Structures are given as structure tokens and as C-alpha cells.
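The chain contents come next:
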Amino acid sequence: MANEARINEIFASIQGEGSVVGYKQIFIRFCGCNLDCGYCDTEFKNGNIYTPQSLYEKISTQYNLKSFHSISLTGGEPLLSYKFLKEFLPLVKGQTKIYLETNATLTDNFSQVKDYIDIVAADIKLPSATGVNVLGKNLEFIRSCSDISTFAKIVFDENITEDEIDFCTNIANETGIELILQPKMTAAGMSVKPEFCEKILDKFTSVYPNTRLIPQMHKFLNVR
Ligand code: SF4
């Protein structure tokens, strides 16, 4: 069977989250996800089928790859398509950086492609905000990122617990990664008040100073 992946959308925009916020990226959104987070509003079920070569031809014809900060592999969960990525990533390597947005649960799949990844945006999925509990998998995944530039994105709401804060700061103290707190968004805007955000940030920084709070900037900029 041909090595193919279903891709929901391909577009250029400004990264609105995490450590490379504000940079121009080409976003490749893969279909399918192995989780079912309560707050998920991402459309990743429908899309078109590509081979590694046809995807490369599409993006290299449509965009000047060297003019972008990086290609964002997003989803859904892009690591479900690791066999596809193993063939696709060598085609673009060296032309721009590769930025992987992942729910940080598929460590074995990641190990197959990590040589091609420059930056990892790894979620720590708080059960209080997502309704799923994959913290053990998140820990295993982040430990496997030790030789790659990695930060952890932590979406939180008013239900965040002291145990969850301890869990995140313990991972960070062990691995040295940056933590980026992201308030959960609703249709009306941030789900928590600015004062609550500052209080949570203070709790993190009192034990792990390399923590930032960055809301989803693309929603304020009104870009994708
Ligand atoms: S991991 Fe991301 S794409 Fe998957 S269900 Fe959760 S929020 Fe949605």
C-alpha cells in the first residue's frame, strides 16, 4: 500500500502559541487524533490524501520555504502519521525548520522521526482541563526529547489543581524545558480572569521561574 496521509488543511499564517509565537509558518494539519480532549475545537476529520512526494510538490510550488521560520506539523496528532513523516521530512530538511505540535503521548512513533525535528511543542494534558489522563505518557515523551529544543504547553482553566502544578514543575525541574501556560479559550474569550492567570503563573514561577503565560495570540490577531 502506498505511503499516504490524510491532511485536513495546508496554509501559511502567524504562529499564535508557544515559544515561536509571531513567526510565519506553513501549517500542515494532519487528520486523526488518539485523544478526545473536552475543549477540542480543531477540525481534523476531513481532508485530502497526499503521498510524501505530492505534499512536498504542493508546498514547494505554493510557498518559498526558505522565507518561513518553520513548517508546523499539527493536527489532530501528526505522530499518528509517523510512517508518512519518515518519508516526507527528508524532502524538506534543510530548507526550513520543522516544528512539531504534539499531544506528547506517542513516544515510540516520535523516536522514528525525531532526527528531523528541530522544535517540539509538547502538551502536558491536565486532566482538570482536558477530561483525559495521559500524564504518564506525557512524562515519558518529554523525557525522550532531551536532545531537542522543547517546551511544554499547558492549557489550564479554573479547575487546575496543586497536584497538577507539582507534576508540571517536577517534569520541568527534571528535564529543564520551558513551561508555557495557556488559558483555555471559550467562544467568549479567555475562560479565566487575568488575575487568576497571574496567580497561577506565580505558583509556577515560585518553583520553576522558566515559565511564561501566553494566550492564543492568533485569536486576538484574528488569523488562523
Ligand atoms: S490532542 Fe489536540 S487535536 Fe487531539 S483531541 Fe486533544 S486538543 Fe484535539
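Keep in mind it's a predicted model, so treat the numbers as computed, not measured.

Draft legend 1. A look at the overall build of the protein. In terms of helices and strands, the protein carries eight helices and eleven strands. For the protein, the C-alpha radius of gyration of 17 Å lies close to 17 Å, the compact-globule estimate for 224 residues. With respect to the principal axes defined by its C-alpha atoms, the protein has extents near 50 × 35 × 30 Å. In the protein, the proportion of contacts linking residues at least 24 apart, taken out of those at least 6 apart, comes to 75%. With the model as given, the accessible surface of the protein reaches about 10400 Å², and the carbon-plus-sulfur share is 47%. Side-chain charges of the protein comprise 22 positive and 27 negative groups, with the mean position of each set lying 5 Å from the other.

Draft legend 2. Geometry of the packing of helix α1 (residues 52–62) against helix α2 (residues 82–92). The geometry of α1 relative to α2 is characterised by a closest axis approach of 9 Å and an angle of 35° between their N-to-C directions. Once α1 is placed against α2, the crossing between them reads as right-handed. Each of P52, Q53, L55, Y56 and I59 in α1 lies in contact with α2, whose residues at this interface are F84, E87, F88, L91 and V92. Looking at side-chain class alone, the contact of α1 with α2 contains eight nonpolar, one polar and one charged residues.

Draft legend 3. Spotlight on the layout of surface pockets. In this structure, the largest pocket occupies an estimated 920 Å³ of space. Along its surface, the largest pocket is lined by 41 residues, and E17, R29, D41, T42 and Q216 are the ones closest to its centre. Residue assignment for the lining of the largest pocket shows that the elements contributing at least two residues are β1 (5–14), β2 (24–30), β5 (97–102), β6 (119–123), β7 (149–156), β8 (178–183) and α8 (217–221). Ranked by residues supplied to the lining of the largest pocket, first place goes to β1 with four residues. Among the residues forming the lining of the largest pocket, the class breakdown is 15 nonpolar, twelve polar and 14 charged.

Draft legend 4. The site of the ligand, seen in detail. Taken together, C33, L35, D36, C37, Y39, C40, F44, G76, N103 and K125 form the complete shell of residues around the ligand. A majority-of-atoms criterion places the ligand in the largest pocket.

Draft legend 5. Highlighting helix α5 (residues 135–143). Among all positions of α5, only L135, N138, L139, F141 and I142 are buried. All buried residues of α5 project into a common sector of 165° when viewed along the axis, lining one side. Buried-residue contacts for α5 involve β5, α3 (107–113), β6, α4 (127–130), β7 and α6 (162–175).

Draft legend 6. Representation of the pairing of β7. Summarising burial for β7: seven of the eight residues are buried, a large majority. Inspection of the sheet shows β6 paired to β7 by five bridges, in the parallel sense. Paired with D123 across the bridge in β7 is K153. Here six bridges tie β7 to β8, and the two strands are oriented parallel to one another. Its bridge partner lying in β8, F151 is registered against E178. Note on the crossover from β7 through α6 to β8: the handedness is right-handed.

Draft legend 7. Summary view of the sheet that holds β8. Pairing is mixed across the open sheet formed by nine strands, whose spatial order is β3-β1-β2-β4-β5-β6-β7-β8-β11. Each edge of the sheet is formed by a strand with only one pairing partner; in this case those strands are β3 (48–50) and β11 (211–213). Across the sheet, the mean angle from the axis of one strand to that of its neighbour is 30°, orientation sign disregarded. In terms of strand pairing, β2 meets strand β4 (residues 70–74) through five bridges, oriented parallel. Within the sheet, the bridge partner assigned to I28 lies in β4 and is L73.

So, how was this worked out
- Residues numbered from 1 in each chain as written.
- Predicted model: local features only at pLDDT ≥ 70, side-chain atom pairs only at ≥ 80, totals over all residues.
- Heavy atoms only, no water.
- Helix = DSSP H or I, 4+ residues; strand = E, 2+ residues; numbered from the N terminus.
- Rg over C-alpha atoms; globule rule 2.2 N^0.38 Å.
- Contact = heavy atoms within 4.5 Å.
- Areas by Shrake-Rupley, 256 points an atom, 1.4 Å probe, with all protein chains shown as cover.
- Lys, Arg positive; Asp, Glu negative; His and termini not counted.
- Charge placed at Lys NZ, Arg CZ, Asp CG, Glu CD.
- Axes fitted to C-alpha atoms, helices over the stretch in contact; angles between N-to-C directions.
- Left-handed = near helix turned anticlockwise from the far one by under 90°.
- Nonpolar A, V, L, I, M, F, W, Y, C, P; charged D, E, K, R; others polar.
- 1 Å grid on protein atoms, 1.4 Å probe; cavity = no way out; pocket = protein on both sides within 12 Å on 5 of 7 lines; lining within 4 Å.
- Points joined across faces, edges and corners; volume = space filled by probe spheres on them.
- Near = heavy atom within 4 Å.
- Sits in = over half its atoms within 2 Å of the grid points.
- Buried < 20%, exposed > 50% of the residue type's maximum accessible area, 1.4 Å probe, protein only.
- Arc of directions from axis to C-beta.
- Pairing = 2+ DSSP bridges.
- Right-handed = clockwise from strand over helix to strand, strands pointing away.

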